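Read off the chains here:
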Protein chains: 2
Amino acid sequence: MALYLTEAEVSDLLSMDLALESLDEVFRARSLGQVGNIPRARLPLGRGSYNLMGASWPEAGIVGHKSYAAGAGGASFHVMLYGTNGEGLLAIIEANRMGQVRTGAASGIATKYMAKEDASKVAVIGSGYQAETQLEAVAAVRQITSATVYSRTEKRRKAFAETMSSRLGFQVEPAETAEAAVQDADVVITVTNAAEPVLTGEMIEPGMHVNAAGGNSWLRRELDTQAVAMSEIVATDDIDQARIECGELMRAAETGHFSWERLVRLDRIVAGLRSGRDSDQQVTLFESQGVAFEDIAVCNRLLMMAKEQGIGTELPG
Amino acid sequence: MALYLTEAEVSDLLSMDLALESLDEVFRARSLGQVGNIPRARLPLGRGSYNLMGASWPEAGIVGHKSYAAGAGGASFHVMLYGTNGEGLLAIIEANRMGQVRTGAASGIATKYMAKEDASKVAVIGSGYQAETQLEAVAAVRQITSATVYSRTEKRRKAFAETMSSRLGFQVEPAETAEAAVQDADVVITVTNAAEPVLTGEMIEPGMHVNAAGGNSWLRRELDTQAVAMSEIVATDDIDQARIECGELMRAAETGHFSWERLVRLDRIVAGLRSGRDSDQQVTLFESQGVAFEDIAVCNRLLMMAKEQGIGTELPG
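Conventions we followed
Residues numbered from 1 in each chain as written. Chains lettered and ligands numbered in written order. Predicted model: local features only at pLDDT ≥ 70, side-chain atom pairs only at ≥ 80, totals over all residues. Helix = DSSP H or I, 4+ residues; strand = E, 2+ residues; numbered from the N terminus. Buried ≥ 20, exposed ≤ 12 C-beta atoms within 10 Å, placed from the backbone. Contact = placed C-beta atoms within 7 Å. Axes fitted to C-alpha atoms, helices over the stretch in contact; angles between N-to-C directions. Parallel < 35°, antiparallel > 145°, perpendicular 65-115°, else oblique. Left-handed = near helix turned anticlockwise from the far one by under 90°. Nonpolar A, V, L, I, M, F, W, Y, C, P; charged D, E, K, R; others polar. Core = buried A, V, L, I, M, F, W, Y, C linked by C-beta atoms within 7 Å. Least-squares fit on C-alpha atoms with pLDDT ≥ 70 in both. Expected span 1.5 Å × (residues − 1). Domains from an automatic or database assignment. Pairing = 2+ DSSP bridges. Right-handed = clockwise from strand over helix to strand, strands pointing away.

A few points about the overall build of chain A
At step 1: Within chain A, the secondary structure is distributed over eleven helices and 15 strands.
At step 2: Principal-axis analysis of the C-alpha atoms gives chain A an extent of 60 × 45 × 40 Å.
At step 3: When burial is assessed residue by residue, chain A has 57% of its 317 residues classed as buried.
At step 4: Restricting the contact set of chain A to residue pairs at least 6 apart, pairs at least 24 apart contribute 71%.

A word on the packing of helix α2 (residues 16–31) of chain B against helix α3 (residues 96–114) of chain B
All names here are of chain B.
At step 1: At a minimum axis distance of 9 Å, the contact between α2 and α3 shows a crossing angle of 60°. It follows that α2 is oblique to α3 by the angle criterion. Both α2 and α3 take part in a crossing whose hand is right-handed. The residues of α3 that touch α2, namely those facing Met 16, Ala 19, Leu 20, Leu 23, Asp 24 and Phe 27, are Val 101, Arg 102, Gly 104, Ala 105, Ala 106, Gly 108 and Ile 109.
At step 2: For the contact of α2 with α3, a count of residues per class yields nine nonpolar, two polar and two charged.

As for the environment of Trp 260 of chain A
All names here are of chain A.
At step 1: Structurally, Trp 260 is set in the loop between α9 (247–254) and β13 (263–265).
At step 2: Since 13 C-beta atoms lie within 10 Å of it, Trp 260 is described here as partly exposed.
At step 3: Residues Trp 260 and Tyr 4 lie 256 residues apart in sequence; the distance between their C-alpha atoms is 41 Å.
At step 4: Beyond its immediate sequence surroundings of up to four residues, Trp 260 is in contact with Arg 243 and Ala 253.

Examining the environment of Asp 237 of chain B
Residue and element names in this part refer to chain B.
At step 1: Relative to the helices and strands, Asp 237 resides in the loop between β12 (233–236) and α8 (239–245).
At step 2: Accessibility expressed as a C-beta count within 10 Å gives 26 for Asp 237, which makes it buried.
At step 3: Along the backbone, Asp 237 and Asp 267 are 30 residues apart, and their C-alpha atoms lie at a distance of 7.0 Å.
At step 4: Setting aside its immediate chain neighbours within four residues, Asp 237 contacts Ala 106, Leu 266, Ser 288, Gln 289, Val 291 and Glu 294.

Digging into the nonpolar core
At step 1: Within the largest apolar cluster, 219 residues are counted, with the highest numbers of intra-cluster contacts made by Leu 302 of chain A together with Leu 302 of chain B.
At step 2: In this view, Leu 302 of chain A contacts Leu 5, Val 10, Leu 13, Leu 14, Ile 93 and Met 98 of chain A; residues no more than four positions away in its chain are not counted.

Considering the relation of the copies chain B and chain A
Between the two copies of the chain lies a relationship made up of a rotation around an axis and a movement along it.
At step 1: Once chain B is rotated about the relating axis by 180° and shifted along it by 0.0 Å, it coincides with chain A to within an RMSD of 0.0 Å. Taken together, the turn and the small shift mark the pair as related by a two-fold rotation axis.
At step 2: A high fraction, 100%, of the interface residues of chain B reappear at the interface in chain A, so the copies pair face to face through one surface.

What to know about helix α11 (residues 292–309) of chain B
All names here are of chain B.
At step 1: Helix length check: α11, at 18 residues, gives a terminal C-alpha distance of 26 Å against a target of 26 Å (1.5 Å per residue), a fit within 8%.
At step 2: Every buried residue of α11 is accounted for by Ala 292, Phe 293, Glu 294, Asp 295, Ile 296, Ala 297, Val 298, Cys 299, Asn 300, Leu 302, Leu 303 and Ala 306.
At step 3: Downstream of α11 by a residue or two, Gly 310 has a phi angle that is positive, lying close to 65°.

Comments concerning the domain arrangement of chain A
Quoted interface sizes are often the accessible area lost when the parts come together.
Residues and elements named next belong to chain A.
At step 1: Partitioning chain A into domains gives domain 1 (3–99 + 293–314) and domain 2 (109–290).
At step 2: The C-alpha-based centres of domain 1 and domain 2 are spaced at 24 Å.
At step 3: Each partner contributes residues to the interface: domain 1 has 13 residues there, and domain 2 has 15 residues.
At step 4: Residue assignment for the side of domain 1 that touches domain 2 shows that the elements contributing at least two residues are α2 (16–31) and β2 (36–45).
At step 5: At nine residues, the largest contribution of residues to the side of domain 1 that touches domain 2 is made by α2.
At step 6: Among the residues forming the side of domain 1 that touches domain 2, the class breakdown is five nonpolar, two polar and six charged.

Things to note about unusual backbone geometry
At step 1: We note that Asp 184 of chain A has phi near 65°; this positive angle belongs to a residue other than glycine.
At step 2: The exposure class assigned to Asp 184 of chain A is exposed, which follows from the 11 C-beta atoms found within 10 Å.

Observations regarding the sheet that holds strand β14 (residues 284–287) of chain A
Pairing between sheet strands relies on hydrogen bonds along the backbone, with the strands arranged either parallel or antiparallel.
All names here are of chain A.
At step 1: Strand order across the open sheet formed by eight strands is β9-β8-β7-β10-β11-β14-β12-β13, with parallel pairing between neighbours. Each of the sheet's edge strands pairs with one partner strand only, and the pair in question is β9 (171–174) and β13. Put simply, the sheet's adjacent strands are angled 20° from each other on average, direction ignored.
At step 2: Those strands touched by helix α4 (residues 129–141) are β7 (121–125), β8 (146–150), β10 (187–190) and β11 (209–212), and its axis lies near 165° from that of β7.
At step 3: In the packing of helix α5 (residues 154–168) onto the sheet, the strands contacted are β8 and β9, and the crossing angle to β9 comes to about 175°.

Remarks on the pairing of β9 of chain A
Residue and element names in this part refer to chain A.
At step 1: Judged by which residues are buried, β9 turns out to be one-sided: Val 172 and Pro 174 face inward and are buried, whereas Gln 171 and Glu 173, on the alternate face, are not.
At step 2: Sheet topology note: the β8/β9 ladder contains four bridges and is parallel. The partner of Ala 147 across the bridge, within β9, is Val 172.
At step 3: Read from β8 through α5 to β9, the crossover connection turns out right-handed.

Here's what the structure looks like:
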């Protein structure tokens, strides 16, 4: 019997630790060639787009996809899981909250394996829906003692700082500029829909780790070409998708500031096949694409928990 | 509120006429550039594969996808429909029966616009799950007075002949060979999983229309290169997919018996932008790929009817 999980049920079940564990596991599986992936395909709608992406993880017994129609009235995300041994449909999971947490967790995994061990200060550029889980994930993998946040609207960055200070138990301060936010940070998160760079080479300091987690489109970029060029290790969760959607790497490659040969698969770093950082002086960069195997891995755990706890609605049929 | 429709509910709602109407409409829309399509992507599973394909039709207010995990224990198909104006999820529809009917209907549409007007005799090669709706669809668009069927297992072709004779109201005769079945036929349907050609150039007669509707894989082919070469008009429901999956056209093109430039979009024929047949002597061929816009078009109609009739289960959330 297939299970339907609502947003409310997912929110009750899902924690950042669960998402971090799921992603660690699926990245290791991927490094062994056990994970299949269908990159995101998009269809334009009048005001927005429709997105479809799939993945398989036969060793875990699951295959499935995420779909979403994003428009002016917000977006509606769903993950569908099938069994790989003829079980048919296993679950349909509403995936707005799930996606927010897994996108944070992907940056958390990158930070765990790429940031300095003693990283303690985080800067966040952006204060939207996705920014909260980004900061939460980084705080789950390092001993963070302070954070700064910059976004264009003063009121919003102040609200973000207040909310996150009380949630995470360390001080989150709003900053008046991106430059001021980033100063002395060990980990920098960019999570904006900026068309023009919010993080420039001039703002980069030795030893920084950057998670670029904003909107995926070749039309946008959060880092300028100099910031990309200064990053000695550049990793991504999916190279295929980065080559068609990662605006800052595409621009940097086109202008000779970056070579695609340098782009490392995060799963190889997680599995210890590649170093995520060679010294405390290196600048490292994670380009988050958001891929379907991350979604099915987290949803598989959600489904297991839902079954154990008797949560969810059985589908007819 | 989104609706879930089971196989049983779909079977009650869906008729061949409804599917034919839906496809006629969506092919016309596609010829106007109003339909978006994401070709089928596949991931291999241990014993079978996972398939994902999507489409949009903003003028009809819908976008969505079909997914299925096909393995040793059969296959499980689902279509998910979203609204294109921020309505979010509209429906999840179990799609085994729907797929069978829409695949038949695609050949029905091709036959309607490409076969001789006075076609009366049909030959079917193959007697599996998909063969029934193929014959049913052809019988819905021409005045068919007799049919023959050939498949390798005598028992199965006899059973098919018996079932379809009583269902369609004309005589369906089993034949001992494919050659015998095809002789004097006006419309030939191949709907097999044959790896090697079941329809050869020697069996082709002037004026025949062929629907090649069997399994899609570049490893398989139902027609030999000579049969392809003899087909003066060759149409398909999706050129992109045909170029990567249509084994018989790929083989014929590779060996110089076919040029991709000759391949016509069926939607252009349906819309009258191209002729489907220029004389009663021409041989015409429809290469059925099975594409997602066909699925969402039929499912949109199903959803309308289900709502009108109060059928289906409302999803939680």
